[in-house]
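Read off the chains here:
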Amino acid sequence: ATKAPPPVQDNELTPAIRAIHAEAARHFNNLQYSAAAPLLKRVVDLLPNKVSPLAIQTAQSTATAYSLSGQHAESLALLSELFAHVEGRFGNQSLEAARIHVAIANAKGDAKDNEGKIDILENKAIPLLEKHLGLSAKETLLARALLANAYGNLRQAQKQKDILVD
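None of these values were measured; they are calculated from a predicted model. Per chain, residue numbering runs from 1 following the sequence as it is written. Per-residue local features are limited, in this predicted model, to residues with pLDDT of at least 70; the limit for side-chain atom pairs, both in listing and counting, is 80 or more; totals at the level of whole chains, interfaces and linings are taken over all residues. Excluding hydrogens and water, the side-chain figures rest on all heavy atoms present in the structure.

Peer 1: Got a minute to help me understand the overall build of the protein in this structure?
Peer 2: Within the protein, the secondary structure is distributed over 8 helices and 0 strands. If you list the helices and strands of the protein from N to C, you get α-α-α-α-α-α-α-α. Our radius of gyration looks at C-alpha atoms and nothing else; its globule reference is 2.2 Å times the residue count to the power 0.38. For 166 residues, the compact-globule estimate of 2.2 N^0.38 gives 15 Å, and the C-alpha radius of gyration of the protein, at 16 Å, lies within 12% of that figure. Across its three principal directions, the C-alpha atoms of the protein cover 55 × 30 × 25 Å. Counting all 166 residues of the protein, 42% fall into the buried class. Contacts were defined at the residue level, with two residues in contact if any of their heavy atoms lie within 4.5 Å. Excluding contacts between residues fewer than 6 apart, the proportion of contacts in the protein whose partners are at least 24 apart in sequence is 51%. Only four residue types enter the tally: Lys and Arg on the positive side, Asp and Glu on the negative side, with His and both chain ends excluded. Where a charge lies is defined by one atom per residue type: Lys uses NZ, Arg uses CZ, Asp uses CG and Glu uses CD. One way to put it: in the protein the 18 positive side-chain charges average out to a point 2 Å from where the 17 negative ones average out. Helix and strand labels come from DSSP, where a helix needs a run of H or I of at least four residues and a strand needs a run of E of at least two; each type is numbered from the N terminus. Throughout, exposure labels follow a simple rule: accessible area from a 1.4 Å probe, protein chains only, divided by the maximum for the residue type, with under 20% read as buried, over 50% as exposed, and the rest as partly exposed.

Written as C-alpha cells, this is what we have:
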C-alpha cells in the first residue's frame, strides 16, 4: 500500500513549504507520482530537522513516489541519505533504522534487486524489528512477508514457504 505524504505540522512548515507540500500531496493522491516526487523532495530538502517524524515520513513518501514512477536510483539515494540522518541521530540499531532498512529493501525490490532486498531484510531489518517489537508484531510479520515475496520472485519456493510457515 502506498502511503500519502503525512499531514503538515504547523511548527515545521513555512507558508512556502506548506504550499509545495499541498501541491505534492495533490499529485500523489491523484497517482501522479512523477509530478509528486520532485515536489516532495523539495519539501524534504527545506525541512530543518531531517529526523523529525514529518521529515522521515515525507522522505519515505518521496522514495515511494520515485519508485512508483520508475526512478529507482533516486529512491535508493534518498533512502540512503535518510538512513545516514537517522543513524546519526538514533544509531544503526534503532527501531527507526529498522524501518528505513525495510523501506530500502522495498526500493531494491521495486528495482528488481531481489538479492539486495533479501540481504537487507534478513541481515538488518528483520533482526532489528524482532529485537524492538518481537516476533509476532505486525511490522515484523510484514517484513517477513516481504522477504518471502523476494524469495518467491527468485523462484525459491521452498525458502519462501519456510519463511511463511516459520
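Next, the rest of the story.
Peer 1: Before we go on, may I ask you to explain the nonpolar core in this structure?
Peer 2: Buried together is how nonpolar side chains tend to be arranged in soluble globular proteins. Residues Leu 79, Leu 82, Ile 100, Val 102, Leu 121 and Leu 147 are the most contacted members of the largest nonpolar core, which totals 41 residues. Among the elements of the structure, α1 (15-29), α2 (33-46), α3 (53-68), α4 (72-90), α5 (95-110), α6 (114-133) and α7 (138-153) are those that each provide at least two residues to this core. For this core, the element with the highest residue contribution is α5, accounting for 9 residues. Sequence-distant contacts of Leu 147, defined by excluding residues within four places in its chain, comprise Ile 118, Leu 121, Glu 122, Ile 126 and Ile 163. Core analysis: the second largest hydrophobic core is formed by 6 residues, Leu 13, Val 43, Leu 47 and Ala 55 among them. The set of buried Ala, Val, Leu, Ile, Met, Phe, Trp, Tyr and Cys residues whose side-chain atoms join them within 4.5 Å is what this entry labels a nonpolar core.

Peer 1: Would you explain the pattern of salt bridges in this entry?
Peer 2: A side chain with one charge can pair with a side chain of the opposite charge if their charged atoms come near. Salt bridges, as used here, are contacts in which a Lys or Arg side-chain nitrogen is within 4 Å of a carboxyl oxygen on Asp or Glu. Taken as a whole and assessed by the stated rule, the structure comprises 5 salt bridges. We note a salt bridge from Asp 45 to Lys 41, for which the minimum N-O separation is 2.6 Å. With Asp 45 and Lys 41 both in helix α2 and 4 residues apart, the pair spans about one turn of that helix. Residue Asp 45 is classed as partly exposed on the basis of its relative accessible area, which comes to 38%.

Peer 1: How should the environment of Val 43 be read in this particular structure?
Peer 2: As for its position among the elements, Val 43 is in helix α2. The class of Val 43 is buried, set by a relative accessible area of 0%. Remark: the alpha-carbon pair of Val 43 and Ser 80, spanning 37 residues in sequence, is separated by 17 Å. In contact with Val 43, other than residues within four places in its own chain, are Ile 17, Ile 20, His 21 and Thr 58.

Peer 1: Looking at this model, I keep getting lost on α2. Mind explaining?
Peer 2: Residue pairs three or four apart in sequence face the same way in an α-helix, which turns once every 3.6 residues. In a helix, the anticipated span is given by 1.5 Å times the number of residues less one. Between the first and last C-alpha of α2 there are 20 Å, a value that for 14 residues agrees with the 20 Å anticipated at 1.5 Å per step. Three or more residues of α2 are buried, namely Tyr 33, Ala 36, Ala 37, Leu 40, Lys 41, Val 43 and Val 44. Within α2, the buried residues cover an arc of 160 degrees as seen down the axis, which keeps them to one side. In this fold, the buried residues of α2 make contact with α1, α3 and α4. Here, the arc refers to the directions that run from the helix axis to the C-beta atoms.

Peer 1: Can you walk me through the packing of aromatic side chains in this structure?
Peer 2: Aromatic rings considered in pairs are described by the distance between their centres and by the relative angle of their planes. Between the rings of Phe, Tyr and Trp (Trp by its six-membered ring), a pair exists once the centres lie within 6.5 Å; its type follows the angle of the planes, with under 30 degrees stacked, over 60 edge-to-face, and the other angles tilted. Evaluation of the coordinates by the stated rule reveals 1 aromatic pair. On the basis of an interplanar angle of 80 degrees and a centroid distance of 5.1 Å, the ring pair of Phe 28 and Tyr 33 is categorised as edge-to-face. Like Phe 28, the residue Tyr 33 is buried in the burial classification.

So yeah, pure geometry; function would need other evidence.
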